[in-house]
Amino acid sequence: MTRSVESRFLAIVGITIFILVVPLFALFLSLATERASNELQQNLDILLAANAQALAKPLWDFDEESVEQITATIVSNGPVSRVNVKDISGGISVSMPALPKWPKNGLESITREIFYRAVEGPKSVGTITIYYSRIDMFSSLRQAEVMLIGIFMLAVVGVVGAAIVGNRLMVMKPLLKLTAAIEATRRLGSRHHVDWQSNDEIGRLARSFNAMQIKLEQEEAELRLAHRRSTDIYNTTPAMLFSLDEEDRITGVSDYWLVATGYQRHQIVGRRFIELVPAEARSGYLERKKTRSIADVLEATTQFVCADGSVMDVLIAEANRTIEGAQEDLSLSVMTDVTALKQSEERNHRQAITDHLTGLRNRQGFETALDSEIIATDAAGEELACIFVDLDRFKWINDNLGHQAGDIVLCRFVERMNDRLPKGAIAARLGGDEFAVLLRGHAIEPVATEISRALCEIFVDPLTIEGSTVRLSASIGIALYPRHAANAAELLQKSDMAMYSKKRDGKNGAMLYNSEIQDHTRRRAEIEHDIEEGLAEDWFDAFFQPIVEVGTGRTVGYEALMRLVHPERGVIPPAELICVAEETGAISRLGGQVLEKALSNLARLSAATGDHDAYLAVNFSPLQFDQSLPVRLAALTTHFDIAPHRIVIEITEATLLHDNPQIRTILDEFNRYGYRLALDDFGTGYSSLSYLNRFPVDIVKIDQSFIRSLTEDEAELRHKSRMLVEGITAISHKMECAVVAEGIETDEQRQILEEFGVDYGQGYLFARPQPLAKLIEQATATPARLQMASAG
């Protein structure tokens, strides 16, 4: 005991010092290191700036001797370990010293470009790199700071020593005497008292202990009598037997009962049995005692606290019999340990409602909890929030890193989610990457919104999974009961609808359910129906928008644009159709049908106009890019007798963003077949310039947002947009790519683009997307008008 109490006291003191003193010491070292690092960095920046200016003219004049002298001067500076000076042509490369001493802390380097101020302006003539040793924590300390640390540590040691001495004198000494009295009582069987007098808590403890010893001496005689009464009966029966008197006090227990529970007889006889039942199970046990089965026998299950504090589940069969002429009622009870059976039942139930991977409730467990929470919400007059969470891009992790990596991501998300959930929240994994959280309370909407925001912040920093860095986000929907739903199923459904609405709006955030979401869902269902019916009834068509030469207005090609020609509602725009088709997986069938229509229309248009040179630009969804696409396109162009160079495949950054080797292979196949590639919406992505170098691009299409900005009223925006368009055009021509400007709507825009050297353009200034019949009508009508004009 002495070692245990004192070691715990020392542990508390040590932990306190670790929590309070160590962070302060670490903070002091960190600040000192930061100060020294900043001073070193400032000195090196000044040194680098001054010597870069001094080296400019020697490098310009190729004066290697002067360069070496200046370099030697720099090396003489204390912190500098090595200096490397190079001119831009590589003719001069000076490194000093030849064999530098590498400090144990490692090296840092600073590189600066050297400019020579020539008549025509600054010229880059070379670079200078300075290597210097890193600063560690202890080398950055000044003498006064070291003395301050020593004084501080001496004070801490003094305080700890005083605490230990006080603990031994005021606490440990009386405890040792109390321990000795208890040990003597245990070993000798007699009642020993504690010889300690004081008016503090230890003194009251000693007096209470002495009084308890006196009381126990008085009860020993009674316990011996009870023991003799029951020993012969109970100890010969291999069962957990015990007897209770009319006041529910234990009057005897069998040896088997003592072995199973761990109690000693003197600890248990005379106590009320209900005291051995955990507080939370007592009311249930008392209720079950009121019901008796056949022959006035009570059978009830309850929990029982063993001597070591463990709790076991027991089945108690208690028979009461009033004996005629007896002075007291007798009862014989049999207690059976059913813990294993109960644990098995609970384990089976828990497995049935628990997700084995995350430890959260599964869908069955969540639905059960949802029903219970709705009942509790109604009873308390509160609100219930259902937060539906779906992890964005989780499928990519499973497909590319494997399901084991996906499981790690789910477990990490659940760990961080549990840290952010308030007490009383119920979380569940509904399946895959879908989770749900229930929150109950008054005015729960702001709480649910804040929790949703916290869940989204889990993925602000990327996750490192098995050496790979991945970025995820969460789309979250929130629905409230009874504001948005009348029952459990409707609440879960509407939170799911809100989540999908957020996912369609751009993902990575939370959305509260509203009636517009249901309208959007209904509209989506109509679009899905239109797509399926359109595919079945051949309602999809390929409209053509002419692409013309900016300077002459001559048509050089067409862009094929998907349209659904509904027999009742007319032409339906493609944006919503494509989005829904990509989500439902119908995009491949839709794209295949429209591609065949586009090639068929091109063949018919060429035959009607005699123009067999105009090209056709076709767009593909990223989901359509598979290994069979080039072969299918080649089969269609062969079928319609269309030369491959007349087909231009328009690709967007969404297709190229991840630099997928499979996408690169498909693009190379297109190139091998003779099809040309156009980079669509150029300038709007993160790394569009690099695509011109990495992929076989033939045509660059400048996004229409830049074209609109060419004639904006705001001068700065107009100026920047013109510089960008002119720059894109120049770079594309340098890369031997033709340039097409999208969205030309005014002649002023056309003239500006012509001045910049843009090759082709498309937009409402020239023509809108049109069906094949109208294009043929316009093409055949033009020669007729020319003949009539010449005849007149």
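Residues numbered from 1 in each chain as written. Predicted model: local features only at pLDDT ≥ 70, side-chain atom pairs only at ≥ 80, totals over all residues. Heavy atoms only, no water.

**A look at the sheet that holds strand E1 (residues 80–87)**
- Judged by pairing direction, the sheet is antiparallel, and its four strands sit side by side in the order E2-E1-E4-E3 without closing on themselves. Lying at the two open borders of the sheet, with one neighbouring strand each, are strand E2 (93–96) and strand E3 (107–118). Each strand of the sheet is rotated relative to its neighbour by a mean of 15°, with strand direction disregarded.
- One ladder, built from four bridges, connects E1 with E2; its direction is antiparallel. Looking at E2, one finds that Asn84 is bridged to Ser95.
- Where helix H2 (residues 64–75) meets the sheet, its contacts fall on E1, E2 and strand E4 (121–133), and the angle it forms with E2 comes to roughly 25°. (Pairing = 2+ DSSP bridges. Helix = DSSP H or I, 4+ residues; strand = E, 2+ residues; numbered from the N terminus. Axes fitted to C-alpha atoms, helices over the stretch in contact; angles between N-to-C directions. Contact = heavy atoms within 4.5 Å.)

**Describing the sheet that holds strand E16 (residues 509–512)**
- Spatially, five strands are ordered E11-E12-E10-E15-E16 in an open sheet, and the strand pairing comes out mixed. Only two strands of the sheet have a single neighbouring strand rather than two, namely strand E11 (426–431) and E16. Sheet twist, expressed as the average angle between the axes of neighbouring strands with direction ignored, equals 20°.
- Relative to strand E15 (residues 473–481), strand E10 (residues 383–392) is paired through nine bridges, and the arrangement is antiparallel. Pairing of Ile387 across the sheet is with Ile478, part of E15.
- Sheet strands in contact with helix H9 (residues 363–380) are E10, E11, strand E12 (434–441) and E15, and its direction is about 15° off that of E12.

**Quick word on the confidence of the model for the protein**
- Chain-level pLDDT for the protein is 82 on average; 90% of the residues reach the 70-or-more range.
- Counted against residues more than four places away or in other chains, residues 784–792, with its pLDDT under 50, gives zero contacts. (pLDDT = per-residue confidence, 0-100.)

**Thoughts on helix H17 (residues 629–639)**
- Here H17 has its buried residues at Leu629, Pro630, Leu633, Ala634, Leu636 and Thr637. In an axial view of H17, the angular spread of the buried residues amounts to 165°, which keeps them on one side of the axis. Seen from the buried face of H17, the exposed residues on the opposite side, beyond 90 degrees, are Thr638 and His639.
- Once H17 finishes, Asp641 follows within two positions and takes phi at roughly 55°, a positive value. (Buried < 20%, exposed > 50% of the residue type's maximum accessible area, 1.4 Å probe, protein only. Arc of directions from axis to C-beta.)

**Some words on the nonpolar core**
- Grouped together as the largest cluster of nonpolar side chains are 68 residues, with contacts concentrated most on Ile531, Phe544, Leu599, Leu616, Ile647, Ile649 and Phe670.
- Broken down by element, the residue count for this core peaks at eight residues, all from helix H16 (residues 587–609).
- By size, the runner-up hydrophobic cluster in this structure holds 33 residues, among which are Leu360, Leu439, Ile465 and Leu472. (Core = buried A, V, L, I, M, F, W, Y, C linked by side-chain atoms within 4.5 Å.)

**Comments concerning the packing of H17 against helix H19 (residues 661–673)**
- One way to put it is that H17 packs onto H19 with a least axis distance of 9 Å and a crossing angle of 25°. By the angle between their directions, the pair H17 and H19 is classed as roughly parallel. The interaxial crossing formed by H17 with H19 has right-handed handedness. Note on element contacts: H19 touches H17 through Ile666, Glu669, Phe670 and Tyr673, opposite Leu629, Pro630, Val631, Leu633 and Ala634.
- Classifying every residue of the contact of H17 with H19 gives eight nonpolar, no polar and one charged. (Parallel < 35°, antiparallel > 145°, perpendicular 65-115°, else oblique. Left-handed = near helix turned anticlockwise from the far one by under 90°. Nonpolar A, V, L, I, M, F, W, Y, C, P; charged D, E, K, R; others polar.)

**Some points on the pattern of salt bridges**
- For the structure shown, the criterion picks out 27 salt bridges.
- Among the salt bridges present, the one from Asp355 reaches Arg429, with a minimum N-O distance of 3.2 Å. You can see Asp355 sitting in the loop between helix H8 (339–353) and H9 and its partner Arg429 sitting in strand E11, a full 74 residues away along the chain.
- Its relative accessible area of 11% is what places Asp355 among the buried residues.
- Residues joined in a network through salt bridges with shared partners are Glu559, Glu650, Lys701 and Glu742. (Salt bridge = Lys/Arg side-chain N within 4 Å of Asp/Glu carboxyl O.)

**Side note on the packing of aromatic side chains**
- Counted according to the given criterion, the structure contains 15 aromatic pairs.
- With a centroid separation of 6.2 Å and 25° between ring planes, the pair formed by Trp257 and Tyr263 is classed as stacked. Each member of the pair, Trp257 together with Tyr263, is buried.
- Members of the aromatic cluster, joined through ring pairs, are Phe242, Trp257, Tyr263, Phe273, Tyr285 and Phe304.
- Lying across the ring of Trp396, Arg393 places its NZ or CZ 4.9 Å from the centre.
- Its guanidinium or amino end placed over the ring of Tyr673, Arg672 lies 5.0 Å from that ring's centre, counting from NZ or CZ. (Phe/Tyr/Trp six-rings, centres within 6.5 Å; stacked < 30°, edge-to-face > 60°. Lys NZ or Arg CZ within 6 Å of the ring centre and 35° of its normal.)

**Details of the packing of H16 against H17**
- At a minimum axis separation of 10 Å, H16 and H17 run at an interaxial angle of 30°. In terms of orientation, H16 lies roughly parallel with respect to H17. Where H16 crosses over H17, the two elements pack in a sense that is right-handed. Contacts from Leu595, Glu596 and Leu599 of H16 reach H17 at Leu633, Leu636 and Thr637.
- Residue composition of the contact of H16 with H17, by class: four nonpolar, one polar and one charged.

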